[in-house]
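# Summary of the model geometry
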Amino acid sequence: MIDLSVIIPIYNEEKNIPVLMQRLQQVINPMNLSVEYVFINDGSGDNSIVLIKQLSLTNEAIKFIDFSRNFGHQIAVTAGLDKCRGNAAVIIDADLQDPPELIAELYAKMKTGYEVVYAKRLTRSGESFFKKFTARIFYRLIARITTIDIPLDTGDFRIIHRKVIDVLKQMPEQQKYLRGQIPWIGFRTSYVEYNRDPRLEGETGYSLKKMLHLAIDGITSFSNFPLRFATVTGFVVSAVGFLWILAALYSHFISKNTVQGWTSMLIAVLFMGGIQLLSIGIIGEYISRMRANICNRPLYVIGETNL
Ligand code: UDP
Ligand code: MG
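Reference entry: report on the structure contained in this document. This one's a predicted model, so the numbers in the text were calculated from it and none came from an experiment.

What follows is about the site of ligand 1. Near ligand 1 there are 19 residues, and of these E13, D95, Q97, T204 and G205 occur at the shortest range. Take T204: an N or O atom from its side chain is 2.6 Å from an oxygen atom of ligand 1. Note that an oxygen atom of ligand 1 is positioned 2.5 Å from one of the backbone N or O atoms of G205. Its free accessible area being 530 Å², ligand 1 has 95% of it covered by the protein chains. Here the shell around ligand 1 is composed, by residue class, of five nonpolar, six polar and eight charged.

Rendered as structure tokens:
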């Protein structure tokens, strides 16, 4: 049995891979473990996969899974966890934003009796104000509206025990939000803190669109709050509407003053229209995710692998 699998999703990281491997080995070799490095090439447009394959020729511990196209970071990590053979797995970004040196600490902490040890970000340098601000709000929002304990300011950088991996493999949902799935599973959980470094080379693979997708996947998978929000807003608006009807009847029959009112009409129509579209949109988000799950397509397609 392999002691530790290192799961590394790759999307255009050719410039980072050599330094990453060097730093990973520097910290893991002295730990005296049997280890495998599982690279998942998520449809990179650069030479990442060529480089990884080359490395795998000289180092047996290097494994690769080459996707047929870009499926997204969460799915890449999921594929790595599906195929890895370690008794524990560390999920780490390839761009060296997650310092590999922390793996020793994560592993040691796990060995003191935890199944999950996540790495909590104290600071994040080299990232835009917009990214930090939206991430901060998002982590707080989702923690508020879900019933499970999703830790704040924590990405996927963490170590999980084989017990957790085996449960994850039984969770078939199409929308992968590992930051929710792992706390949902439970087990003894702890964390270590770290300062997040800037990306070494290259550019982020997380476009605004991908981030928004991840956020909505996370929320719809772990909270019914938006649906309840639509219901409650509907009730409140109906109550106000009812009072408004009474007021309209009063001015028609009693005060006989009904000519004016273009502004209030317009406000009412626009407001109602907005609330209705919003509610339909919320329901639509859930339905589209149900549809994806009913279709039940494979989560990813592997072109080639040595695992
Ligand atoms: N990544 C991936 N598929 C994607 C986007 C990113 O596998 O579609 C990988 C990427 O190579 C990196 C990790 O996921 O190892 C985190 O991505 P990135 O650093 O681009 O995101 P950020 O840190 O900017 O949020
Ligand atoms: Mg990054």
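So that's the structure; there's more coming.
Bringing the nonpolar core into the picture now. Counting residues in hydrophobic clusters, the biggest one holds 34 residues, and the most contacted among them are L4, I8, L24, Y37 and F39. The biggest single contributor to this core is helix α1 (residues 17–28), with six residues. When near neighbours in sequence (up to four residues on either side) are disregarded, I8 contacts L20, L24, Y37, V38, F39, I40, I92 and A94. With 25 residues, the next largest nonpolar core counts I40, V77, I91 and I185 among its residues.

This brings us to the packing of aromatic side chains. Within the structure shown, the criterion is met by nine aromatic pairs. Centre to centre, the rings of F129 and F133 are 5.5 Å apart; their planes meet at 15 degrees, and the pair counts as stacked. Highlighted residues: F129 and F133, both in helix α5 (residues 129–145), separated by four residues, approximately one helical turn. We classify F133 as partly exposed; its relative accessible area is 43%. Taken together, a centroid distance of 6.3 Å and an interplanar angle of 90 degrees make the contact between F138 and Y177 edge-to-face. Note that F138 is positioned in helix α5 and Y177 in the loop between α6 (162–168) and α7 (178–185), a separation of 39 residues in sequence. On the accessibility criterion, Y177 (0% relative accessible area) is buried. Looking at R69, its charged tip hangs above the ring of F71, at a distance of 3.9 Å from the centre. In this structure, K210 is placed above the aromatic ring of Y11, and the distance from its NZ or CZ to the ring centre is 4.4 Å.

Reading guide: rules and limits
- Residues numbered from 1 in each chain as written.
- Chains lettered and ligands numbered in written order.
- Predicted model: local features only at pLDDT ≥ 70, side-chain atom pairs only at ≥ 80, totals over all residues.
- Heavy atoms only, no water.
- Near = heavy atom within 4 Å.
- Polar contact = N/O pair within 3.5 Å; in protein donor to acceptor, adjacent residues only side chain to side chain.
- Areas by Shrake-Rupley, 256 points an atom, 1.4 Å probe, with all protein chains shown as cover.
- Nonpolar A, V, L, I, M, F, W, Y, C, P; charged D, E, K, R; others polar.
- Core = buried A, V, L, I, M, F, W, Y, C linked by side-chain atoms within 4.5 Å.
- Buried < 20%, exposed > 50% of the residue type's maximum accessible area, 1.4 Å probe, protein only.
- Helix = DSSP H or I, 4+ residues; strand = E, 2+ residues; numbered from the N terminus.
- Contact = heavy atoms within 4.5 Å.
- Phe/Tyr/Trp six-rings, centres within 6.5 Å; stacked < 30°, edge-to-face > 60°.
- Lys NZ or Arg CZ within 6 Å of the ring centre and 35° of its normal.

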